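Analysis of the macromolecular model
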Amino acid sequence: MINSNNAKAKTTAGQKQQTGKAGKGGFVVGRASFAKISAVEGIRLKPAMTKRAAEAAAKGLSPEEYRRTILRSYRKG
């Protein structure tokens, strides 16, 4: 049973422990796995994209900061 703030879960015999929001399905694919899936689809990262990802990792950017970096690179003007 999930408590009201959805942060922790209580379990009883035979139940799996759940954390996070209930009812939200899906999973997170890492960068390496995403690259492999994309390769099957024929999608390749451009050198500029690879460089930007490496720089973001080296700087330790948060996901939000990384998204802002991507948006800035495609912004016109």
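Our structure's up above, just so we're on the same page.
Residues numbered from 1 in each chain as written. Predicted model: local features only at pLDDT ≥ 70, side-chain atom pairs only at ≥ 80, totals over all residues. Heavy atoms only, no water.

**Digging into the overall build of the protein chain**
On a plain count of helices and strands, the protein chain comes out with three helices and zero strands. Counting from the amino terminus, the protein chain carries its helices and strands in the arrangement α-α-α. The burial tally for the protein chain puts 6% of its 77 residues in the buried class. Of the roughly 7200 Å² of accessible surface on the protein chain, a fraction of 57% belongs to carbon and sulfur atoms. (Helix = DSSP H or I, 4+ residues; strand = E, 2+ residues; numbered from the N terminus. Buried < 20%, exposed > 50% of the residue type's maximum accessible area, 1.4 Å probe, protein only. Areas by Shrake-Rupley, 256 points an atom, 1.4 Å probe, with all protein chains shown as cover.)

**Comments concerning the pattern of salt bridges**
All chains considered together, the criterion is met by two salt bridges. Close ionic contact of Glu 64 with Arg 67 constitutes a salt bridge, the shortest N to O distance being 3.2 Å. Of this pair, Glu 64 and Arg 67 are both found in helix α3 (residues 63–74), three residues apart, which corresponds to roughly one turn of the helix. On the basis of relative accessible area, Glu 64 is assigned to the partly exposed category, the value being 38%. Put simply, Glu 64, Arg 67 and Arg 68 are held in one network by salt bridges that share partners. (Salt bridge = Lys/Arg side-chain N within 4 Å of Asp/Glu carboxyl O.)

**A few points about helix α2 (residues 47–59)**
For an α-helix, 3.6 residues make a turn, and residues three or four places apart therefore share a direction. For α2, with 13 residues, the first-to-last C-alpha span of 18 Å sits near the 18 Å given by 1.5 Å per residue. Of the surrounding elements, those touching the buried residues of α2 are α1 (31–41) and α3. Following α2 by one or two positions, Gly 60 adopts a phi angle in the positive range, close to 70°. (Expected span 1.5 Å × (residues − 1). Contact = heavy atoms within 4.5 Å.)

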